[in-house]
Amino acid sequence: MLGKVRKQLNNERGAATIVEAAFIFPIMFIVLIFLIYMGNAFYIKTQIDGIVVDKAIKGASYCADPMLATIEETGSIPNIKDLEVKPYRYLYIFGDSEGMQAIEDNIAKEVKKEIQSTYTSFFKNMKPEIGNCSAVYNRSLLTSTFSVDVECRIGFPIKMLGTDETFAVNMNIRSEVAVNDTAEFIRNVDMVIDYFCDTSFGQSIKGVFEKINEFMQNFSKK
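What counts, and at which threshold
Residues numbered from 1 in each chain as written. Predicted model: local features only at pLDDT ≥ 70, side-chain atom pairs only at ≥ 80, totals over all residues. Heavy atoms only, no water. Helix = DSSP H or I, 4+ residues; strand = E, 2+ residues; numbered from the N terminus. Buried < 20%, exposed > 50% of the residue type's maximum accessible area, 1.4 Å probe, protein only. Areas by Shrake-Rupley, 256 points an atom, 1.4 Å probe, with all protein chains shown as cover. Contact = heavy atoms within 4.5 Å. Patch = residues over 30% accessible without salt bridge, like charges linked within 9 Å, V, L, I, M, F, W, Y side chains within 5 Å. Salt bridge = Lys/Arg side-chain N within 4 Å of Asp/Glu carboxyl O. Core = buried A, V, L, I, M, F, W, Y, C linked by side-chain atoms within 4.5 Å. Polar contact = N/O pair within 3.5 Å; in protein donor to acceptor, adjacent residues only side chain to side chain. pLDDT = per-residue confidence, 0-100. Lys, Arg positive; Asp, Glu negative; His and termini not counted.

Some remarks on the overall build of the protein chain
Part 1 of the argument: Counting secondary structure elements, the protein chain contains 5 helices and 3 strands.
Part 2 of the argument: Counting helices and strands in the order they occur from the N terminus, the protein chain gives α-α-α-β-β-β-α-α.
Part 3 of the argument: Classification of the 222 residues of the protein chain by burial places 23% in the buried group.
Part 4 of the argument: With the model as given, the accessible surface of the protein chain reaches about 16000 Å², and the carbon-plus-sulfur share is 62%.

What about the environment of Cys197?
Part 1 of the argument: Turning to its location among the elements, Cys197 is positioned in helix H4 (residues 182-197).
Part 2 of the argument: Once you skip the residues sitting within four places of it in the chain, Cys197 turns out to touch Gly202 and Gln203.

Points about a nonpolar patch on the surface
Part 1 of the argument: Taken together, the side chains of Val208, Phe209, Ile212, Phe215 and Met216 define a hydrophobic patch exposed on the protein surface, amounting to about 520 Å² of accessible area.
Part 2 of the argument: Locating Ile212 in the fold gives a position in helix H5 (residues 200-221).
Part 3 of the argument: When its relative accessible area of 42% is taken as the criterion, Ile212 is described as partly exposed.

Here's the deal with the nonpolar core
Part 1 of the argument: Of all hydrophobic cores here, the largest spans 32 residues; its most connected members are Ile48, Met126, Phe146, Val148 and Val150.
Part 2 of the argument: Breaking this core down by element, the ones donating at least two residues are helix H1 (2-64), helix H3 (97-117), strand S1 (129-139), strand S2 (144-159) and strand S3 (166-178).

Describing the environment of Thr145
Part 1 of the argument: Among the secondary structure elements, Thr145 is positioned in strand S2.
Part 2 of the argument: Put simply, Thr145 and Val177 are 32 residues apart on the chain and 5.5 Å apart in space, counted from C-alpha to C-alpha.
Part 3 of the argument: Residues within four places of Thr145 in sequence aside, it is in contact with Val136, Tyr137, Asn138, Glu176, Val177, Ala178 and Val179.
Part 4 of the argument: A polar side-chain atom of Thr145 sits 2.7 Å from a polar atom in the side chain of Glu176.

What to know about the side chain of Ser147
Part 1 of the argument: Tracing the backbone shows Ser147 in strand S2.
Part 2 of the argument: At 3.1 Å, the side chain of Ser147 forms a polar contact with the side chain of Asn138.
Part 3 of the argument: Among all residues touching Ser147, those that are not within four sequence positions of it are Ser134, Ala135, Val136, Asn138, Arg174, Ser175 and Glu176.

Concerning the pattern of salt bridges
Part 1 of the argument: Under the defined criterion, the tally for this structure stands at 7 salt bridges.
Part 2 of the argument: Salt-bridge contacts for Lys55 lead to Glu114; the nearest nitrogen and oxygen are separated by 3.1 Å. On the criterion of sequence distance, the pair formed by Lys55 in helix H1 and Glu114 in helix H3 is long-range, its members being 59 residues apart.
Part 3 of the argument: Looking at Lys55, the relative accessible area reads 11%, which means it is buried.
Part 4 of the argument: Classification of Glu114 as partly exposed rests on a relative accessible area of 27%.
Part 5 of the argument: The partner of Asp149 in a salt bridge is Arg174, and the shortest N-O contact between them spans 2.7 Å. Here the residue Asp149 occupies a position in strand S2, and Arg174 occupies one in strand S3, the gap between them amounting to 25 residues.

Observations concerning the confidence of the model for the protein chain
Part 1 of the argument: The predicted model of the protein chain averages 76 in pLDDT, with 70% of residues at 70 or higher.
Part 2 of the argument: Per-element confidence in the protein chain is highest for S1, whose mean pLDDT is 89, and lowest for H4, whose mean pLDDT is 70.

Some words on the side chain of Glu104
Part 1 of the argument: Inspection of the secondary structure puts Glu104 in helix H3.
Part 2 of the argument: One buried charged residue, Glu104, remains without a salt bridge, the closest side chain of opposite sign being Arg139 at 7.5 Å.
Part 3 of the argument: A polar contact is formed between the side chain of Glu104 and the backbone nitrogen of Tyr137, at a distance of 2.7 Å.
Part 4 of the argument: Dropping the residues within four chain positions of it, Glu104 is found in contact with Ala135, Val136, Tyr137 and Phe146.

Quick word on the environment of Cys152
Part 1 of the argument: On the secondary structure map, Cys152 appears in strand S2.
Part 2 of the argument: Not counting the four nearest positions on each side in its chain, Cys152 is found in contact with Ile48, Glu129, Ile130, Gly131, Val169, Asn170, Met171 and Ile173.

Written as structure tokens, this is what we have:
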């Protein structure tokens, strides 16, 4: 009698285990696949992040040094007489807007091209779709930066239930780098000093400093 009861209980437990597995295994499988796809999506994002940062640094370098484009094309440092360098191009009023626009367009094209050519993924059908891609030289009164913005869509090969649309992740990637050029800053300061010294107020201040220097020299000789 006890043997029959024990056997029946074992059969019921086995049936319950099968029913539980029938519910749990598909859910765990879907969660596992989703995690794999999400990991692959963020792996693609890290690649795009690296490209965006590199191109932002390159754009800032091109804005800071106008010789880089010529050096890249010729492979040698050009003669300063052959360069069409516009002085004080970093000042807000005297900025070289045409030259900066050319750099912005070239960097934006390079970003798109490199993302498409260097893309690698664990799944072939998860290639990122590049939306808006912009490179901008941000000029202000005292500082300037170069930024690169990329909008991309990474689709999963999984269709939503009841629709033909696939699940996708939208990402906005941005990098902004400061444009630093100490030599250019010194030239700009020298220009301001030259303009100031040409004014009557500047001449009067210059005369005062000359008298002070003359007094200090005479005082040191005594």
